[in-house]
Amino acid sequence: MCEVGTRPPLAAERGEPPGGTAAAERCRDMGEQPIFTTRAHVFQIDPSTKKNWVPASKQAVTVSYFYDSTRNSYRIISVDGAKVIINSTITPNMTFTKTSQKFGQWADSRANTVFGLGFPSEQQLTKFAEKFQEVKEAAKLARDRSQEKIETSSNHSQESGRETPSSTRASSVNGTDDEKASHGGPAEAHLKSENDKLKIALAQSSSNVKKWETELQTLRESNARLTTALQESAASIEHWKKQFSACKEENDQLRTKIEELEEQCNEINKEKERNAQLSRRLQELETELQDKELELEELRKQGEIIPQLMSECESVSQQLQAAEEKNKDLEEKVRTLRTEVEESKHRQTNLKTELKNFLDVLDGKIDELHDFRQGLSKLGVDN
């Protein structure tokens, strides 16, 4: 049938403009009413390959569910301009299958094809699928009711067939045709009308049986084609499973390679970080080297002054030695002066002692002189 999980590109994805349809108005003229409407891109299965999708519309078109109250049937109809691209009567045997998030399909045995719809969103696909299931259940219920009516009409025809000979026998027993007409006219007319109705119902049931037999044969042929398509799909699924396994192995290998490459990238990043650190360290060392070179240059300049400094240092050493000798002489002089000072202090102490003694003697002499003067004064007064 079709490849599982895949869908053809939508017209909007191919850059084609959206369009519209007048399917609702046309079907209303036929006595049908729309019960659900949506927009989608329509596809049909390629009849030659039974695998590839063929676009049935160049753009997104209106897809509608219609209900025919006279026939008690449901159809999916879609019209692109003046062309009818979907006219599918829903039967209880149909199944709508989601093959991806935005794509679904169903097989129509009467049209001998498979329709596919591509929706703009997953929500619209879900609503369409739910409506398909609801309409399918309604079609099944209508079919069951139709079969019940056919069985009821068939039973009535059989009962009328059994009652007709008995009435004939009764008429033959009761009398001649004239007597029958005179005695049982209204009942016979009623029976004739009932028989006519039953004959019409029987004819309709026979035509319906032939119709159902034809449809059953068509369904059998469709089932055979669908079985073939299903077998081809199963073979295709096996093929895709093998390809999927190969792709999975290749994917695992690629993942392993990617992990190895990520590890190598991590190592490369670490090497880059180390290189960056080494570069920064190298710049720092170059800066230090420049500083050292400047210091070395200064030392070289200072080295040129060293002989002069050495000569100056020798002269200073000589001056220092001379100063030390002078210092020693001065120390000797200081010691001598200290000795002299001590001696002068000693002599001064002695002189102070002698001076004190002399002053004491002088004070005694002065006192004596004062007393002598006072005695002279007294003597003068006396004279």
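Residues numbered from 1 in each chain as written. Predicted model: local features only at pLDDT ≥ 70, side-chain atom pairs only at ≥ 80, totals over all residues. Heavy atoms only, no water.

### Things to note about the pattern of salt bridges
Evaluated as defined, the whole model comprises six salt bridges. With a shortest N-O distance of 3.3 Å, Glu 284 and Arg 281 are connected by a salt bridge. Residue Glu 284 and its partner Arg 281 are located together in helix H3 (residues 177-382), separated by three residues, close to a single helical turn. (Salt bridge = Lys/Arg side-chain N within 4 Å of Asp/Glu carboxyl O. Helix = DSSP H or I, 4+ residues; strand = E, 2+ residues; numbered from the N terminus.)

### Here we look at the nonpolar core
By size, the foremost hydrophobic cluster in this structure holds 23 residues, and its most contacted members are Val 42, Ile 76, Ile 86, Trp 106, Leu 117 and Phe 128. Elements with a minimum of two residues in this core: strand S1 (32-45), strand S3 (61-68), strand S4 (73-80), strand S5 (83-89), strand S8 (113-118) and helix H2 (122-174). If you tally residues by element for this core, the top one is H2, at six residues. The residues contacting Ile 76, other than those within four sequence positions of it, are Val 63, Ser 64, Tyr 65, Ile 86, Asn 87, Ser 88, Ile 90, Trp 106, Phe 128 and Phe 132. Listed in part, the five residues of the second largest apolar core include Phe 43, Ile 45, Trp 53 and Phe 103. (Core = buried A, V, L, I, M, F, W, Y, C linked by side-chain atoms within 4.5 Å. Buried < 20%, exposed > 50% of the residue type's maximum accessible area, 1.4 Å probe, protein only. Contact = heavy atoms within 4.5 Å.)

### Focus: a nonpolar patch on the surface
Taken together, the side chains of Leu 355, Phe 358, Leu 359, Leu 362 and Ile 366 make up a nonpolar region of the molecular surface, amounting to roughly 450 Å² of accessible area. Residue position: Phe 358 is located in helix H3. (Patch = residues over 30% accessible without salt bridge, like charges linked within 9 Å, V, L, I, M, F, W, Y side chains within 5 Å. Areas by Shrake-Rupley, 256 points an atom, 1.4 Å probe, with all protein chains shown as cover.)

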